[in-house]
Amino acid sequence: MTGKVFLTSDLARAARAFTKVSAATIAEKAGLTREQVKEFESGRGHLSDDEKSRVRASLEFYGALFIPEDDVAGYGVRRRYAREKLMRLNNWEDEGGYS
């Protein structure tokens, strides 16, 4: 991957809150431990750019949409899917249709 991956601890924590996915689930998909994810989110741990990239990809997989900083506003995160679609996806996953 070229360039520095932008993922701060507060952004990762907010993205995970929006996606309603456990730290263990994000960690597993990213090839990290739950503790690494939690430590990074709390600001006490450091991740390499490659690890940040994998965490961000995991969060995006579960529905986080990262918004870059521009001249008008700062960076942020939101749900990729509208609330209704997110509820359908969650129901589908609970039924074993999404792994």
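A quick note: this is a predicted structure, and the numbers were derived from the prediction, not measured. (Residues numbered from 1 in each chain as written. Predicted model: local features only at pLDDT ≥ 70, side-chain atom pairs only at ≥ 80, totals over all residues. Heavy atoms only, no water.)

Quick word on the overall build of the chain
Note the following rule: Labels follow the DSSP assignment, with helices taken as runs of H or I lasting at least four residues and strands as runs of E lasting at least two, numbered in each case from the N terminus. When accessible area is computed with a 1.4 Å probe and restricted to protein chains, residues below 20% of their type maximum are described as buried, those above 50% as exposed, and intermediate ones as partly exposed. Accessible surface is estimated by sampling points in the Shrake-Rupley manner with a 1.4 Å probe; for residues, cover comes only from the protein chains shown.
Assigned secondary structure in the chain consists of five helices and two strands. Within the chain, the fraction of its 99 residues that count as buried is 30%. Per element, the accessible surface of the chain, about 6,500 Å² overall, is 49% carbon and sulfur.

Some words on the packing of helix α1 (residues 9–19) against helix α3 (residues 34–42)
Using the following cut-off: Helix axes are fitted only over the stretch in contact, all axes being lines through C-alpha atoms; the angle between N-to-C directions runs from 0 to 180 degrees. When an angle is under 35 degrees it counts as roughly parallel; over 145 it counts as roughly antiparallel; between 65 and 115 it counts as roughly perpendicular; any other value is oblique. Whether two residues touch is decided by their heavy atoms; if any such pair falls within 4.5 Å, the residues are in contact. When residues are grouped by polarity, Ala, Val, Leu, Ile, Met, Phe, Trp, Tyr, Cys and Pro land in nonpolar, Asp, Glu, Lys and Arg in charged, and all others, Gly among them, in polar.
Direction vectors running N to C along α1 and α3 enclose 120 degrees, while the axes themselves pass 7 Å from each other. In terms of orientation, α1 lies oblique with respect to α3. Here Ser 9, Ala 12, Arg 13 and Arg 16 of α1 lie close against α3, whose contacting residues are Lys 38, Phe 40, Glu 41 and Ser 42. Of the residues in the contact of α1 with α3, the class split is two nonpolar, two polar and four charged.

A word on the packing of aromatic side chains
How two aromatic rings sit relative to each other is given by the distance of their centres and the angle of their planes. Note the threshold: Here is the rule: rings of Phe, Tyr and Trp (six-membered ring for Trp) pair when centre to centre is within 6.5 Å. Planes less than 30 degrees apart are stacked, more than 60 are edge-to-face, and the remainder are tilted.
Within the structure shown, the criterion is met by two aromatic pairs. Here Phe 6 and Tyr 75 contribute two aromatic rings whose centre-to-centre distance is 4.8 Å and whose plane-to-plane angle is 70 degrees, an arrangement assigned as edge-to-face. Here Phe 6 is found in the segment before α1, whereas its partner Tyr 75 is found in the loop between β1 (64–67) and β2 (76–79), with 69 residues between them in sequence.

Overview of the nonpolar core
Put simply, the rule is: We call a set of buried residues a nonpolar core when its members are Ala, Val, Leu, Ile, Met, Phe, Trp, Tyr or Cys and they connect through side-chain atoms within 4.5 Å of each other.
Judged by nonpolar contacts, the single largest core of 19 residues is most densely connected at Leu 7, Val 55, Leu 59 and Phe 66. If you list the elements that add at least two residues to this core, you get α1, α2 (23–30), α3, α4 (49–61) and β1. Element by element, the count of residues in this core is highest for α2, at four residues. Not counting residues up to four positions away in its chain, the partners in contact with Leu 59 are Ala 12, Ala 15, Arg 16, Thr 19, Ile 26, Ala 64 and Phe 66.

Here we look at the confidence of the model for the chain
Threshold: Every residue gets a pLDDT, meaning the predictor's confidence in that residue, from 0 to 100.
Looking at the chain, the pLDDT average stands at 85 and 77% of residues meet or exceed 70. By mean pLDDT, helix α5 (residues 83–94) is the weakest element of the chain at 59, and α3 is the strongest at 98.

Here's the deal with α1
Worth spelling out the cut-off: What the arc covers is the set of directions going from the helix axis to the C-beta atoms.
Among all positions in α1, only Leu 11, Ala 12, Ala 15, Arg 16 and Thr 19 are buried. The buried residues of α1 all sit within an arc of 130 degrees when viewed along its axis, so they share a single face. Structurally, α1 contributes buried residues whose contacts are with α2, α3, α4, β1 and β2. Remark: Lys 20 follows α1 within two positions and exhibits a positive phi of approximately 60 degrees.

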